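Geometric and topological summary
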Amino acid sequence: MEGKTYTAKMGIGSYVLILLVIAGVSALALFLFLPKTNYQSAFNNVYNIQDSYYQKNINNKNVDEYLNIILDIDNISTYHSTQINLYSKILSILNLSNIYCMNALMVIDPQAEYNDLVFKQKTSLDEFLKTKSELSTHLTFNMRELFNNPTLNQTTVSEYVAPFINKFKKLVEEYASFYYKTARLINDGTLRGIENNELTITANREINLAISRILNVSDIYNCFNYVNSLQSHATIMYDEDFYLEYYNGGYSVNDVINILGDICP
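Anyway, here's the lowdown on the structure attached to this text. The structure presented is a predicted model; accordingly, all values stated were derived computationally and were not measured.

Let's shift gears to the overall build of the protein chain. Helix and strand counts for the protein chain come out as 12 helices and 0 strands. Listed by position from the N terminus, the elements making up the protein chain come as α-α-α-α-α-α-α-α-α-α-α-α. A total of 265 residues make up the protein chain; the buried ones form 38% of that total. Working note: accessible area of the protein chain is about 14,700 Å², and carbon and sulfur atoms make up 54% of it.

Listed below in structure tokens is the structure:
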């Protein structure tokens, strides 16, 4: 009697089990390898750039302390001291926005393109940290003679201060770029609320746009009135109670756009 060949057939339950195993492995792989959204990242980036700015990591001094030392040097020209003061005011305006930015970034919109926005913000943070390191090296080694002998004549002082201003300008530009990216993130990627309303979001965005226009002018010395005007308006608009103007009619969104749009148009 010839032997019979039997072919084992899987039941539908076996197919379901295999599919469930495949689905489980795929889900685990996606969980392990796909990028995850960390909604704390943008907030942390603002904290980190502020911490770096105020950190005393340049011969136990921070940026502001070095600016004061340079401005106090005998025979510094009015032209150079004015440039430094104007860049310093731009930094102070950006620093005013710190608390606002942190509060706004606590209400991220889960529907927004958050990862792309925060990647751009983090890139600007990294560029700022790199530029600050370069400035630290310049202050430590290239400015030593000036700091040790602050009574040099004006020509010699200018030979030290002019290159410093070029590097300081780059630091301000990188700092401004970070806050511009943060303003875009707040504009495009946060939920509107009582405090994070259209008025405060618009003010933050338009202040950063005005700073960008000022920094695009070839010589900030020619922007004296613009910088002072922006600082006055920013002091008002970054006040912790400015959001109330949205409800009491003190400022409208269009008011803010028109006021800040006239700065370095």
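Okay, the packing of helix 8 (residues 154–189) against helix 9 (residues 198–216) next. Any two packed helices are characterised by how steeply their axes cross, that is the angle between the axes, and by the distance between the axes. Remark: helix 8 packs on helix 9, axes separated minimally by 9 Å, with the N-to-C direction vectors making an angle of 150°. Looking at the two axes, helix 8 sits roughly antiparallel to helix 9. For the element pair helix 8 and helix 9, the recorded crossing hand is left-handed. Contacts from Lys169, Val172, Glu173, Ala176, Tyr179, Tyr180, Ala183, Ile186 and Asn187 of helix 8 reach helix 9 at Ile201, Asn204, Arg205, Asn208, Leu209, Ile211, Ser212 and Leu215.

With that out of the way, let us pick up the state of the cysteines. Within the structure shown, the criterion is met by 0 disulfides. Of all cysteine sulfurs, the one in cysteine 223 lies closest to cysteine 264, which takes part in no disulfide; the gap is 4.6 Å.

Tallied over the full model, the rule gives 13 aromatic pairs. Residues phenylalanine 178 and tyrosine 179 carry aromatic rings whose centres are separated by 5.2 Å and whose planes lie at 85° to one another, so their mutual orientation is edge-to-face. Given a relative accessible area of 0%, tyrosine 179 falls into the buried group. The rings of Tyr53, Tyr54, Phe128, Tyr175, Phe178 and Tyr179 are connected pair by pair, giving a single aromatic cluster.

To continue, consider the nonpolar core. The biggest cluster of nonpolar side chains holds 68 residues, and the ones touching the most others in it are Ile84, Phe164, Phe168, Ile207, Ile211, Ile214 and Leu230. No other element matches the 14 residues that helix 8 contributes to this core.

Take the pattern of salt bridges next. Scanning all chains against the criterion turns up 8 salt bridges. Ionic pairing is found between arginine 184 and aspartate 188, a salt bridge with its closest N-O pair at 3.9 Å. Placement of the pair is arginine 184 and aspartate 188 together in helix 8, with a separation of 4 residues, close to one helical turn. By relative accessible area, arginine 184 is classed as partly exposed at 37%. A salt bridge links arginine 192 to glutamate 198; the nearest nitrogen and oxygen atoms lie 2.8 Å apart. Take arginine 192: its relative accessible area is 37%, and that puts it in the partly exposed class.

Attention now goes to unusual backbone geometry. Its identity as a non-glycine residue notwithstanding, asparagine 75 has a phi of 70°, on the positive side. Counting through the fold element by element, asparagine 75 comes out in the loop between helix 3 (63–71) and helix 4 (78–96). Phi angles above zero are rare outside glycine, and cysteine 264 is one such case at about 50°. Note that cysteine 264 resides in the segment after helix 12 (253–261).

Together, Glu195, Asp239, Glu240 and Asp241 give the surface a local cluster of negative charge. Along the chain, the position of aspartate 241 falls in the loop between helix 10 (224–237) and helix 11 (245–248).

So, on to helix 2 (residues 41–54). Along its 14 residues, helix 2 runs 20 Å from first to last C-alpha, staying within 8% of the 20 Å computed at 1.5 Å per residue. Within helix 2, the full set of buried residues consists of Ala42, Asn45, Val46, Ile49, Gln50, Ser52 and Tyr53. Each buried residue of helix 2 lies within a common arc of 160° when the element is viewed along its axis, so the set occupies one face.

Take the packing of helix 9 against helix 10 next. Two elements in contact, helix 9 and helix 10, have axes separated by 11 Å at closest approach and are oriented at 165°. It follows that helix 9 is roughly antiparallel to helix 10 by the angle criterion. In this structure, helix 9 crosses over helix 10, and the sense of that crossing is left-handed. Residues Ala203, Ile207, Ala210, Ile211 and Ile214 of helix 9 form the contact with helix 10, whose own contacting residues are Tyr226, Val227, Leu230, Ala234 and Met237. Its residues placed into classes, the contact of helix 9 with helix 10 shows 10 nonpolar, no polar and no charged.

Parameters at a glance
Residues numbered from 1 in each chain as written. Predicted model: local features only at pLDDT ≥ 70, side-chain atom pairs only at ≥ 80, totals over all residues. Heavy atoms only, no water. Helix = DSSP H or I, 4+ residues; strand = E, 2+ residues; numbered from the N terminus. Buried < 20%, exposed > 50% of the residue type's maximum accessible area, 1.4 Å probe, protein only. Areas by Shrake-Rupley, 256 points an atom, 1.4 Å probe, with all protein chains shown as cover. Axes fitted to C-alpha atoms, helices over the stretch in contact; angles between N-to-C directions. Parallel < 35°, antiparallel > 145°, perpendicular 65-115°, else oblique. Left-handed = near helix turned anticlockwise from the far one by under 90°. Contact = heavy atoms within 4.5 Å. Disulfide = S-S within 2.5 Å. Phe/Tyr/Trp six-rings, centres within 6.5 Å; stacked < 30°, edge-to-face > 60°. Core = buried A, V, L, I, M, F, W, Y, C linked by side-chain atoms within 4.5 Å. Salt bridge = Lys/Arg side-chain N within 4 Å of Asp/Glu carboxyl O. Patch = residues over 30% accessible without salt bridge, like charges linked within 9 Å, V, L, I, M, F, W, Y side chains within 5 Å. Lys, Arg positive; Asp, Glu negative; His and termini not counted. Charge placed at Lys NZ, Arg CZ, Asp CG, Glu CD. Expected span 1.5 Å × (residues − 1). Arc of directions from axis to C-beta. Nonpolar A, V, L, I, M, F, W, Y, C, P; charged D, E, K, R; others polar.

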